[in-house]
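Next come the chains, spelled out residue by residue.
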Amino acid sequence: MTSDLTDASTPPPDAVERRALTPHAPLRHAVVLVNPLSGSVGPRAAAEVEAIMADYDLKAQVITLEGGGFDEAIAEAFAAKPDVIFVLAGDGTARSVASKARPDGPMIAPLPGGTMNMLPKALYGTADWKLALKRALEEGEAQPVSGGEVQGEYFYCAAILGSPALWAPAREAMRTGKIKLAWQYGRRALKRAFSGRLRFTLDGGEKRRTEALVLISPMISKAMEDPIGLEAAAMDPSDTTQAFRLAATALFSDWRQDPAVSTRPAKLIEVRARSKIPAVIDGEPLLLKPDAVIRFVPKAFKALAPKPPSAEDSI
């Protein structure tokens, strides 16, 4: 782990004019966490970040994430008490930093440095981390971000529970043009498609059964205008034909129109299965306990982002 401190308050000799910082948020001190081995970041990213930050009138500390020192680096970032922490790393690191900030912590700006980049795309509308960084610095303001929590893990875009969670990598591979990889992921998902059904309740209501449950944050849900809960979508294909159709719908069109899908908002979701539940939360795969409780978090953390968020990946 290395740490470099760049004080941008003293203009370099060849500087002509500083770029204007956003008037909507106080920015005096920023920390940037960079993982050069992540997704689309690369070994030159830390130097590129420093070059961009030097164009603005603020103190910028760039911390490179290396080896197994991620936790120490994140702790160092918070200990510096900056106004904002930028995260140029994978989706999991961005989620981890945001979950540590909570509503009373510094603003968080997760830049698109991972594979799926669900949260950065929702906030900045781009997969270009340099453009996202400039948008945050020049147009950003403190935006409360809602989300969900399950077994101590937070998500801010979407959680997919059930065996069709394995379709998420296939969908992302298809969107990036990796047809062969998408087919491989799809075959794997189909093999497990009917391995177990979920039983769930929404806000203490009636018990229902479904093949998969998708929980979508208000920030990126096309169906919700106000942060009143997570959009809970039950996906329930009755046979293999419907499973294929629903998979195609999720890949290419508005899946809410599919007759095998029903949605409604909820603040407390209880899910049960006979074995551990496969899930994908904000692009990260994991296994949940057979009894899982998901709760809506109306103000999970503060993001530094343009208002309204760009929400390129609304679903």
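Our structure is the block above this text.
What counts, and at which threshold
Counting from 1, residues in each chain are numbered in the order their sequence is written. Whole-chain, interface and lining totals are the exception, using all residues; otherwise, since this is a predicted model, local features are given only for residues with pLDDT of at least 70 and side-chain atom pairs are given and counted only at 80 or more. Side-chain numbers here rest on the full set of heavy atoms in the structure, without hydrogens or water. Put simply, the grid is 1 Å and covers the protein atoms alone, a cavity is a trapped set of points that fit a 1.4 Å probe, a pocket is an open set with protein on both sides within 12 Å along at least five of seven lines, and lining residues have an atom within 4 Å of a point. Grid points are joined across faces, edges and corners, and a volume is the space filled by probe spheres set on the points. Helix and strand assignments come from DSSP, with helices taken as H or I runs of at least 4 residues and strands as E runs of at least 2, each series counted from the N terminus. Only Asp, Glu, Lys and Arg are considered charged, only Ala, Val, Leu, Ile, Met, Phe, Trp, Tyr, Cys and Pro nonpolar, and every remaining residue, Gly among them, polar. By this definition, two strands are paired if DSSP reports at least two bridges between them. Simply put, an axis is a line fit to the C-alpha atoms, just over the touching stretch for a helix, and the angle between two N-to-C directions goes from 0 to 180 degrees. The salt bridge definition used is simple: a Lys or Arg side-chain nitrogen within 4 Å of an Asp or Glu carboxyl oxygen. Under the scheme applied here, a residue whose accessible area is under 20% of the maximum for its type counts as buried, over 50% as exposed, and between as partly exposed, the area being computed with a 1.4 Å probe on protein chains only. Orientation categories follow fixed angle ranges, with anything under 35 degrees roughly parallel, anything over 145 roughly antiparallel, 65 to 115 roughly perpendicular, and all other angles oblique. Crossings are sorted by hand: turned counterclockwise from the far helix by less than a right angle, the near helix makes the crossing left-handed, and turned clockwise it makes it right-handed. Any two residues whose heavy atoms approach within 4.5 Å at even a single point are treated as in contact.

Visitor: Teacher, can you tell me more about empty space enclosed by the protein here?
Guide: To find the voids left in a structure, one rolls a probe of water-molecule size over its atoms. Using the criterion set out here, one finds 1 cavity of 30 Å³ or more in the structure. The computed volume of the largest cavity comes to approximately 70 Å³. What lines the largest cavity is simply Ala89, Gly90, Asp91, Ala94, Arg95, Leu111, Asn117, Met118, Leu119, Pro120 and Asp282. Elements supplying a minimum of two residues to the lining of the largest cavity: helix 3 (91-101) and helix 4 (118-124). Residues of the lining of the largest cavity, tallied by class, amount to 6 nonpolar, 2 polar and 3 charged.

Visitor: Where do I start with the sheet that holds strand 15 (residues 277-281) in this structure?
Guide: Through backbone hydrogen bonds, the strands of a sheet pair up, either in parallel or in antiparallel fashion. The sheet built from 6 strands is open, its strands ordered 13-12-11-8-15-16 with antiparallel pairing. Of all strands in the sheet, those bounded by a partner on one side alone are strand 13 (261-266) and strand 16 (284-288). In this sheet, neighbouring strand axes are inclined to one another by 20° on average, regardless of whether the strands run parallel or antiparallel. Examined bridge by bridge, strand 8 (residues 158-161) and strand 11 (residues 212-216) share 4 bridges and lie antiparallel to one another. Directly across from Ala159, in strand 11, lies its bridge partner Leu215.

Visitor: What should I look at first to understand the pattern of salt bridges in this one?
Guide: When charged atoms on two side chains of opposite charge get close, those side chains can pair. This structure, assessed with the given rule, holds 7 salt bridges. A salt bridge links Arg264 to Asp203; the nearest nitrogen and oxygen atoms lie 3.5 Å apart. Of this pair, Arg264 sits in strand 13 while Asp203 sits in the loop between strand 9 (198-202) and strand 10 (208-210); the two residues are 61 residues apart in sequence, bridging distant segments of the chain. The class for Arg264 is partly exposed, based on a relative accessible area of 36%. Taking the relative accessible area as the measure of exposure, Asp203 reaches 40% and is therefore partly exposed.

Visitor: Whenever I open this one, the packing of helix 2 (residues 70-79) against helix 3 confuses me. Can you help?
Guide: Relative placement of two packed helices is described by the angle separating their axes and the distance separating the axes. Where helix 2 meets helix 3, the closest approach of the two axes is 11 Å, and the angle between their N-to-C directions is 40°. Here helix 2 is positioned oblique relative to helix 3, judged by the angle of their axes. By crossing handedness, the relation of helix 2 to helix 3 is classed as right-handed. Judged by residue contacts, Phe70, Ile74 and Phe78 of helix 2 engage Thr93, Ser96, Val97, Lys100 and Ala101 from helix 3. Here the residues of the contact of helix 2 with helix 3 are counted per class, giving 5 nonpolar, 2 polar and 1 charged.

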